[in-house]
Amino acid sequence: MNRRKPPPLPLIDQPPAERADAARNRQRLVEAALRIVATHGVAGLALDEVAREAGVGVGTAYRRFGDVGALAYALLEEHEVRFQEAFLAGPPPLGPGAPPEERVRAFVFALLDLQEEQWDLRLLAVKKAALGYASGPYPTYHLHLTRLIDDLGRGLDAPYVASVLLALLTPNVLDHQRRVLGLTPERIRRGIDSVLGGLLQ
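What you see as residue numbers is a count from 1 along each chain, following the sequence as written. In view of the model being predicted, local features appear only for residues whose pLDDT reaches at least 70, and side-chain atom pairs are presented and counted only at 80 or more, with totals across whole chains, interfaces and linings using the full set of residues. The side-chain figures draw on all heavy atoms in the structure; neither hydrogens nor water molecules are used.

Attention now moves to the side chain of Gln118. Each helix is a run of H or I in the DSSP string that is no shorter than four residues. Each strand is a run of E no shorter than two, and both are numbered from the N terminus. Turning to its location among the elements, Gln118 is positioned in the loop between α5 (100-117) and α6 (119-128). Remark: exposure states derive from per-residue accessible area (1.4 Å probe, protein chains only) relative to the maximum for the residue type, with buried under 20%, exposed over 50%, and partly exposed in between. For Gln118, a relative accessible area of 10% corresponds to the buried category. In the analysis that follows, any N or O atom pair within 3.5 Å is treated as a polar contact, provided that within protein one partner can donate a hydrogen and the other can accept it, and provided that, for residues neighboring in sequence, both atoms belong to side chains. Polar side-chain contacts of Gln118 include one of 3.0 Å to the side chain of Arg122.

Following this line, the structure appears as structure tokens:
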């Protein structure tokens, strides 16, 4: 029996349609935040400071982003959209066309690479956003992994297993492993690989 093709996964939430002045203010705020990060690092990222740097009212910054976590996700948006396009429609094994075992492994390590590439911003985003690690692109990651694990055909509780794999990749967990436990990135990768080996064999 043919399986019904699932609907396409959504990309990370895009900003809603805006008036021209609202779109300009958003762009000014994002550009100001990027300047602050480049000069002072993410520690200097606060909505009041970003509003001052952008030359807009503090209320505008809070209405547009709500909290500094949402602003951090906005700064990650371009990279995030490219990543999601790669696993939704790019070449295999990250994109469609490879066996699900290969796609799960490719996705997990591509996401780990992305976390490491944008470490400070991603750590700030999950610490400060209202829903923590379940904010931003997490629902899309979870749905994608759930489908791949279902495709393994092994009777696994796919939503649970997907959540466990994603928990291994959250910036705050990785930060604890590296800063508190003293684990090297190579050791973390070997550990994740051993978890995947047990799941995928």
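There's plenty left to go through after this.
Another point: the nonpolar core. As used in this record, nonpolar core signifies buried Ala, Val, Leu, Ile, Met, Phe, Trp, Tyr and Cys residues forming a set joined through side-chain atoms within 4.5 Å. Counting 33 residues, the largest nonpolar core has Phe83, Val104, Phe107, Tyr141, Leu165, Ile192 and Leu196 as its most contacted members. For this core, the secondary structure elements donating two or more residues are α4 (68-89), α5, α6, α7 (138-151), α8 (158-168) and α10 (185-200). Element by element, the count of residues in this core is highest for α5, at nine residues. Each residue touching Leu196, except ones within four places of it in the same chain, is listed here: Val104, Arg105, Val108, Phe109 and Leu165. Counting 25 residues, the second-largest nonpolar core is a separate cluster that includes Val50, Leu71, Ala72 and Leu121. Every residue pair with non-hydrogen atoms within 4.5 Å of one another is taken to be in contact.

One full turn of an α-helix is made of 3.6 residues, so residues set three or four places apart face in the same direction. Here α7 spans 20 Å end to end across 14 residues, near enough to the 20 Å set by a 1.5 Å rise per residue. Taken together, the buried positions of α7 are Tyr138, Thr140, Tyr141, His142, His144, Leu145, Thr146, Leu148 and Ile149. Looking at the buried side of α7, the elements it contacts are α4, α5, α6 and α8. Following α7 by one or two positions, Gly153 adopts a phi angle in the positive range, close to 70°. To estimate the expected span of a helix, count its residues, drop one, and scale the result by 1.5 Å.

What follows concerns unusual backbone geometry. Cis geometry marks the peptide bond from Pro92 to Pro93; its omega dihedral reads 10°. Relative to the assigned elements, Pro93 resides in the loop between α4 and α5.

A word on the confidence of the model for the protein chain. Per-residue confidence from the predictor is reported as pLDDT, a score between 0 and 100. Confidence along the protein chain averages 86 in pLDDT terms, with 88% of residues attaining 70 or more. Every residue in residues 1-15 scores below 50 in pLDDT, and together they form 27 contacts with partners more than four places removed in sequence or on other chains.

Attention shifts here to helix α2 (residues 47-54). Turning to α2, its buried residues number three or more, namely Leu47, Val50, Ala51 and Ala54. The arc enclosing the buried residues of α2, seen along the axis, measures out at 100°, which places them on a common side. Gly55, located one to two residues past α2, shows a positive phi value of around 75°. Note: the arc covers the axis-to-C-beta directions of the helix.

Moving on: the packing of helix α1 (residues 20-40) against α4. The axes are straight lines fitted to the C-alpha atoms, using for helices just the contacting stretch, and the angles between their N-to-C directions are given from 0 to 180°. Contact pair α1 / α4: the axes reach a minimum separation of 10 Å and the direction vectors enclose 90°. In terms of their interaxial angle, α1 and α4 are classed as roughly perpendicular. Along its contact with α1, which presents Arg26, Val30, Ala33, Leu34 and Val37, the element α4 presents Leu71, Ala74, Leu75 and Glu77. Each residue receives one of three labels: charged for Asp, Glu, Lys and Arg, nonpolar for Ala, Val, Leu, Ile, Met, Phe, Trp, Tyr, Cys and Pro, and polar for the others, Gly being one of them. Class assignment for the residues of the contact of α1 with α4 results in seven nonpolar, no polar and two charged. Here the angle decides the label: under 35 degrees means roughly parallel, over 145 means roughly antiparallel, 65 to 115 means roughly perpendicular, and every other value means oblique.

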